[in-house]
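Summary of structural features
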Amino acid sequence: MMENGINVIVDWSLYKQKQKVACSPNLLFTYHQKTAFNGDGGRGALSLISAVSETKESSSVTIIPPPPVRIVALVGEESTSPLKSAPWEEVMFHTANRLKWVDEGFQMEVFSDNIIQSDQSKVDILGKKLSQTDILMIVAVTNQETVSWVQENSKNIPNIICFESSLALTNKLGGLSLQTEEKGNLFSKVGSILQAKNTNESKEIAQTVSEAWDRRNSDDIRFCILVIINAYIRPVSILQNLRSKGFSTLNCMVKNCGSQVLNCLLDPNCRNALQCLNNCSPVDQVCNYRCIASYESPALEAFSLCVLQKHNCLQLDAKIPEKPYVPPIKRFRGQDISHDIAEDLFVGWLGSLDWSWRVVAGQNPAYDQFPCQYQLYYRGKARGSFWYEPVFQVCTLEGQLVWRRRRYRVKRGKIPATFYFSVLDNGVVSKEFWTIVDVANDLSWGLFHYSGAAQVAGQSYTGAVLVSPNGEYPDETQKEKLFSSLEKCGIKEWELFMVDNCSCLDPPLGIPDGSSLHRKIEIEHKQQSSV
């Protein structure tokens, strides 16, 4: 203890004692109906630093950082992923870097399985790594010699996940073994593979991991690892807020939002949305947002506005991610970027065309994957106002194609070509930080990056969109510049997935009367596609 203050040491080893999951079903009519995967979210340990000094002298709190989470990825030699056939080894190295955006303590090392055929010193190094690891991730490993070696050297690893690998390899979660019947995603048919002594919580986690992996994108590969860390090792910052508060949630809803809850349950679309959300993991943004976009209605908006936005009945919180830092474009057509020029770059082709840009490809699987995405940027009638309206299609869970539209208020950031966006999306406010990363001089393509959070929904996210005037991919002459721009975002080209720009007839476009467009940039008129 300090003489005139407080010196508190937090012992993070307490987390290791809470590796058993404590999940339980919750209310049908909440967005996040199930508790998140880690019991008390570390509140017991964190309570150790709740003491407050009342002395007038200086006080200090010494927090010992949590121990690192050690992860080993073992990848089949020369194996290729479904991400545009990128090598699995490259995908996993990139995943290791992206884990650092969430927590610097998440340490993942990647090895090719040909190391088993290397000299003994390298084999010994891998063996030592396995003896210290918290999670072993095995991808596309089928070599029998490697399989036998892993079986012998992974017995004490508490968490092992195997994908597209030999059936002889064993999956484990929290020290409990899982069995499987088919090759590929070894968490398939979860309902029939769990041992009798396993719990419903492990089943839920395995199901979440399985569904995420099956979506075959870089965000969900990372998400698989984060879910397991959050469940069995220690809380993950971007997941730990997603837990119900039990009776306090119900009390808040009944006391403040009784009519909105009742109206939602009586409305078919709103009721279907809540039932759909009840089947999603509370930490699965892809599943959650697809439910919302499929069944949005005035009743759902009123429900969310009251329960989440106005009264925060789930007591959730999320912040805009600080990583990765993405530098904005500095110059355009030989001029230093100003705020006016940056806004003109967003306005893009509007005026020459009925839209500013069309999205060619996106990186975020929850928000960038919709078909037929049109972007409308314009200056409002009020002085200094600027607006963004995306128009896009949704293929609902019933297979119908419907048009959706959002309206974002846009404010300039401190640095030109950075912006703050805000939108009320189905009753919940999302705030985002956007960066114009690059735009071709002829406006043939652009790259925009964003980081955002829906605070009261407990959701934070990042993404990027590649845009062009006609929805077509930039030609080969732009490849080097595009790849360089993606690198600034920490994105590989194989992470992008193409937007379906077919069947985009009759989009509900148009901007309010009295809006204005460009101030500084002249658009080079070209013949572009009209749909």
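Criteria and cut-off values
Residues numbered from 1 in each chain as written. Predicted model: local features only at pLDDT ≥ 70, side-chain atom pairs only at ≥ 80, totals over all residues. Heavy atoms only, no water. Helix = DSSP H or I, 4+ residues; strand = E, 2+ residues; numbered from the N terminus. Buried < 20%, exposed > 50% of the residue type's maximum accessible area, 1.4 Å probe, protein only. Contact = heavy atoms within 4.5 Å. Areas by Shrake-Rupley, 256 points an atom, 1.4 Å probe, with all protein chains shown as cover. Pairing = 2+ DSSP bridges. pLDDT = per-residue confidence, 0-100. Core = buried A, V, L, I, M, F, W, Y, C linked by side-chain atoms within 4.5 Å. Disulfide = S-S within 2.5 Å.

In the annotation of an unreviewed UniProt entry, the entry for the chain reads Violaxanthin de-epoxidase-like protein, and the organism field reads Thalictrum thalictroides.

1. Quick notes on the overall build of the chain
Along the chain, the regular secondary structure elements total 14 helices and 18 strands. Classification of the 531 residues of the chain by burial places 53% in the buried group. Long-range contacts, defined here as pairs at least 24 residues apart, represent 65% of the contacts in the chain between residues at least 6 apart. Surface accessibility of the chain: about 23600 Å² in total, with carbon and sulfur atoms responsible for 49%.

2. A closer look at the pairing of strand S14 (residues 418-425)
Direction of pairing for strand S13 (residues 408-412) relative to S14: antiparallel, over a ladder of 5 bridges. Paired with valine 410 across the strands is phenylalanine 421, a residue of S14. The turn linking S13 back onto S14 is made up of 5 residues, and alanine 417 within it adopts a positive phi angle of 80 degrees. Across 8 bridges, the pairing between S14 and strand S15 (residues 428-439) is antiparallel. Note that in S15 the partner of phenylalanine 419 across the bridge is tryptophan 434. Where S14 folds back onto S15 in an antiparallel hairpin, the turn is made up of 2 residues, including asparagine 426, whose phi is positive at roughly 55 degrees.

3. As for the side chain of glutamate 343
By the secondary structure assignment, glutamate 343 is in helix H13 (residues 339-347). Apart from residues lying up to four places away in sequence, glutamate 343 is in contact with Arg379, Phe386, Arg412 and Phe419.

4. Observations regarding the environment of lysine 381
Relative to the helices and strands, lysine 381 resides in the loop between strand S10 (374-379) and strand S11 (386-395). Considered as a pair, lysine 381 and serine 515 are 134 residues apart in the sequence and their alpha carbons are 5.5 Å apart. Lysine 381 has contacts with Asp513, Gly514 and Ser515, leaving out every residue within four places of it along the chain.

5. Structural notes on the confidence of the model for the chain
Taken as a whole, the chain shows an average pLDDT of 84; of its residues, 81% reach a score of 70 or greater. Confidence drops under pLDDT 50 across residues 1-58; counting only partners more than four residues distant or on other chains, this segment forms 150 contacts. This model gives residues 183-198 a pLDDT under 50, and the stretch forms 52 contacts once residues within four places in sequence are excluded.

6. Quick word on the nonpolar core
Counting residues in hydrophobic clusters, the biggest one holds 43 residues, and the most contacted among them are Trp88, Met92, Met108, Met137 and Ile229. At the level of secondary structure, the elements contributing two or more residues to this core comprise strand S1 (69-75), helix H3 (88-102), strand S2 (106-112), strand S3 (135-139), strand S4 (159-163), helix H7 (200-214) and helix H8 (218-232). No other element matches the 10 residues that H8 contributes to this core. Filtering out sequence-adjacent residues up to four positions away, methionine 92 remains in contact with Ala73, Val75, Met108, Val110, Met137 and Ile221. Grouped together as the second largest cluster of nonpolar side chains are 42 residues, Trp349, Tyr374, Trp434 and Val439 included.

7. As for the state of the cysteines
Tallying each qualifying case throughout the model produces 6 disulfides. There is a disulfide in this structure between cysteine 257 and cysteine 306, and the S-S distance comes to 2.0 Å. Looking down the S-S bond of the cysteine 257 and cysteine 306 bridge, the torsion is -90 degrees, so its handedness is left-handed. Taken together, the positions of cysteine 257 in helix H9 (residues 247-266) and cysteine 306 in helix H12 (residues 298-310) put the pair 49 residues apart, joining distant regions of the chain.

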